[in-house]
Amino acid sequence: MLTQPAHFCSNCGNAITRRVPAGDNRERDCCDRCGAVHYVNPRPVVGTIPEWQGEILLCRRAIEPRFGLWTLPAGFMEVGETTLAGALRETLEEAGARVAAGTLFSMIDVPYVEQVHIFFRAQLLDLDFAPGHESIEARLFREQDIPWPQIAFRTVALTLQLYFADRRRGHFETHARALSPTATTSAPLDAQPSSAR
């Protein structure tokens, strides 16, 4: 779902004109009164793949989109934080989980909803976790018990598939992928912000 164009300048309140500004190569929301160019950029979604002795921590969503389905702890990055800091914050907020951060694992472009999803490997520090206000449940799953039909988002399913494939090989890589829309995808995580995706 692409961002709708603005109607008025957030700097001076003048009506916005949609045009290609000088020196640019695409249409932008421009203000002809104060000269402001209002850029719309992709929103990073950041999260972790928390592991404990071979099991992965998933959260069951208490919010839309995809209420009641399972996901990795993740959400929109905040201004002023790094991708890793945001991923750790989301893990604590959604699953009440403290983790030791690992390496960058997956970066998945979702251009049709103006997002980039970034997941880091992580190790749970203890089993003292509990669902946050955006989660109904937080639970550990072995690979064979992952509820694949109830995974909320394509980016999460792809990240988990890549993770388990790397683990079977005994070597973790960093994966970069891009998703395109499908006829069966009605609300990707790729969907609209609530506070988390």
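In this text the structure is predicted, and so the values were computed from the model without any measurement.

*Asks:* Can you walk me through the nonpolar core in this structure?
*Replies:* As a rule of thumb, nonpolar side chains are buried together in soluble globular proteins. Judged by nonpolar contacts, the single largest core of 27 residues is most densely connected at Ile56, Leu58, Leu72, Ile151 and Leu160. Residue assignment for this core shows that the elements contributing at least two residues are strand 4 (43-52), strand 5 (55-61), strand 7 (74-76), strand 8 (99-110) and helix 2 (154-169). The dominant element in this core, judged by the number of residues it contributes, is helix 2, at seven residues.

*Asks:* Can you walk me through the packing of aromatic side chains in this structure?
*Replies:* Per the stated rule, a full pass over the model turns up six aromatic pairs. Relative to Tyr163, the ring of Phe105 has its centre 5.5 Å away and its plane inclined at 70 degrees; by these criteria the two rings are edge-to-face. Here Phe105, found in strand 8, pairs with Tyr163, found in helix 2; they are 58 residues apart in sequence, far enough to count as distant. Looking at Phe105, the relative accessible area reads 0%, which means it is buried. Pairing Phe105 with Phe172 gives two aromatic rings, centres 6.2 Å apart and planes at 70 degrees, and the pair type is edge-to-face. Of the two residues, Phe105 is situated in strand 8 and Phe172 in the loop between helix 2 and strand 11 (175-178); the sequence distance between them amounts to 67 residues. Here the aromatic cluster, defined as three or more aromatic residues joined through ring pairs, consists of Phe105, Trp148, Tyr163, Phe164 and Phe172.

*Asks:* Teacher, can you tell me more about helix 2 here?
*Replies:* In an α-helix, one full turn covers 3.6 residues, which means residues spaced three or four apart are oriented alike. An ideal rise of 1.5 Å per residue puts 22 Å on 16 residues; helix 2 measures up with 23 Å between its terminal C-alpha atoms. Listing the buried residues of helix 2 in full gives Thr155, Val156, Ala157, Leu158, Thr159, Leu160, Leu162, Tyr163, Phe164 and Asp166. For helix 2, the secondary structure elements touched by its buried residues are strand 4, strand 5, strand 6 (70-71), strand 8, strand 9 (115-124) and strand 11. Where helix 2 ends, the next residue or the one after it, Gly170, has phi of about 80 degrees, a positive value.

*Asks:* Please clarify how the pairing of strand 5 should be interpreted in this entry.
*Replies:* Put simply, side chains in a regular strand alternate between the two faces of the sheet. Across the seven residues that make up strand 5, a large majority, five, are buried. Looking at chain direction, strand 4 and strand 5 are connected through two bridges and run antiparallel. Of the residues in strand 5, the one forming a bridge with Trp52 is Glu55. Pairing of strand 5 with strand 10 (residues 135-141), which is carried by six bridges, proceeds in the antiparallel orientation. Paired with Ile56 across the two strands is Phe141, which belongs to strand 10. Judged from the two bridges that link them, strand 5 and strand 6 form a sheet pairing that is antiparallel.

Scoring rules and cut-offs
Residues numbered from 1 in each chain as written. Predicted model: local features only at pLDDT ≥ 70, side-chain atom pairs only at ≥ 80, totals over all residues. Heavy atoms only, no water. Core = buried A, V, L, I, M, F, W, Y, C linked by side-chain atoms within 4.5 Å. Buried < 20%, exposed > 50% of the residue type's maximum accessible area, 1.4 Å probe, protein only. Helix = DSSP H or I, 4+ residues; strand = E, 2+ residues; numbered from the N terminus. Phe/Tyr/Trp six-rings, centres within 6.5 Å; stacked < 30°, edge-to-face > 60°. Expected span 1.5 Å × (residues − 1). Contact = heavy atoms within 4.5 Å. Pairing = 2+ DSSP bridges.

So, to be careful, I would describe these as geometric facts and stop short of saying anything about function.
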